[in-house]
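Spelled out from the first residue to the last, the chains are:
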Amino acid sequence: QVRLVESGGGLVQPGGSLRLSCTASGSIFSLLGMGWHRQAPGKQRELVAHIASGGTTNYADSVKGRFTISMDNAKNTVYLQMGSLKPEDTAVYYCKAGFREIAGPYWGQGTQVTVSS
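Residues numbered from 1 in each chain as written. Predicted model: local features only at pLDDT ≥ 70, side-chain atom pairs only at ≥ 80, totals over all residues. Heavy atoms only, no water.

## Looking at the nonpolar core
Generally speaking, soluble globular proteins have nonpolar side chains that are buried together. Counting residues in each nonpolar core, the largest one holds 32 residues, and the members touching the most others are M34, W36, L80, M82 and Y93. Contributions of two or more residues to this core are made by β3 (18-25), β4 (31-39), β5 (46-52), β7 (67-72), β8 (77-82), β9 (91-99) and β11 (111-115). Per element, the largest residue contribution to this core is five residues, and it comes from β9. (Core = buried A, V, L, I, M, F, W, Y, C linked by side-chain atoms within 4.5 Å. Buried < 20%, exposed > 50% of the residue type's maximum accessible area, 1.4 Å probe, protein only. Helix = DSSP H or I, 4+ residues; strand = E, 2+ residues; numbered from the N terminus.)

## Some remarks on the state of the cysteines
Working definition: the covalent bond between the sulfur atoms of two cysteines is a disulfide. Taken as a whole and assessed by the stated rule, the structure comprises one disulfide. The disulfide bridge from C22 ends at C95, spanning 2.0 Å between sulfur atoms. Note on the C22 and C95 pair: the S-S dihedral is about -85 degrees, so by sign convention the disulfide is left-handed. Of this pair, C22 sits in strand β3 while C95 sits in strand β9; the two residues are 73 residues apart in sequence, bridging distant segments of the chain. C22 sits in the buried class, given a relative accessible area of 0%. Residue C95 is classed as buried on the basis of its relative accessible area, which comes to 0%. (Disulfide = S-S within 2.5 Å.)

## Quick look at the environment of S25
Assignment of secondary structure puts S25 in strand β3. Given the relative accessible area of 30%, S25 is considered partly exposed. Sequence separation between S25 and T77 is 52 residues, and the spatial gap between their C-alpha atoms is 9.2 Å. If near-sequence neighbours (up to four positions away) are discounted, S25 is found in contact with Q1, V2 and R3. (Contact = heavy atoms within 4.5 Å.)

## A closer look at the pattern of salt bridges
Following the criterion strictly, the structure yields five salt bridges and no others. Of the charged contacts, one joins K64 and D61 as a salt bridge, the two residues approaching to 3.1 Å between their closest N and O atoms. A salt bridge links R66 to D89; its shortest N-O distance comes to 2.8 Å. Pair noted here: R66 is in the loop between β6 (57-59) and β7 and D89 is in the loop between β8 and β9, with a separation of 23 residues, a long-range link. Judged by its relative accessible area of 14%, R66 falls in the buried class. Here the salt bridges share partners, and the residues they tie into one network are R38, E46, R66 and D89. (Salt bridge = Lys/Arg side-chain N within 4 Å of Asp/Glu carboxyl O.)

## Notes on the sheet that holds strand β1 (residues 3-7)
Read from one edge of the open sheet, four strands run β1-β3-β8-β7, paired in antiparallel fashion. Bordering the open sheet on either side are β1 and β7, each of which pairs with just one other strand. Taken pair by pair, the neighbouring strands of this sheet meet at an average axis angle of 15 degrees, ignoring direction. Pairing geometry for β1 and β3, over five bridges, is antiparallel. Across the sheet, L4 pairs through a bridge with A24, a residue of β3. (Pairing = 2+ DSSP bridges. Axes fitted to C-alpha atoms, helices over the stretch in contact; angles between N-to-C directions.)

Below, the structure is given as structure tokens:
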């Protein structure tokens, strides 16, 4: 019923920037919140950033001051503006969404972010 579609990943040099987008579609539900997680090879999937529908945000310590999460509630879309990227940010980034009316969370397919010179 719900599909999360991500875009914006790619290859970037250290110190560069990328903006990820994720849109939830397929059914009309009320968003509780959306967020981004990432998983690098050999590591556990970890929270990067999360934003509740009311605007409350939280970030992993490793990205505070560099990444900004925002959400357009009307469009059911979450964005992750990533700046000052480091090689250790290289990972598959997954979009996550929770809804009031259905059990979740729901996950996107993941988008690769590679930071390399």
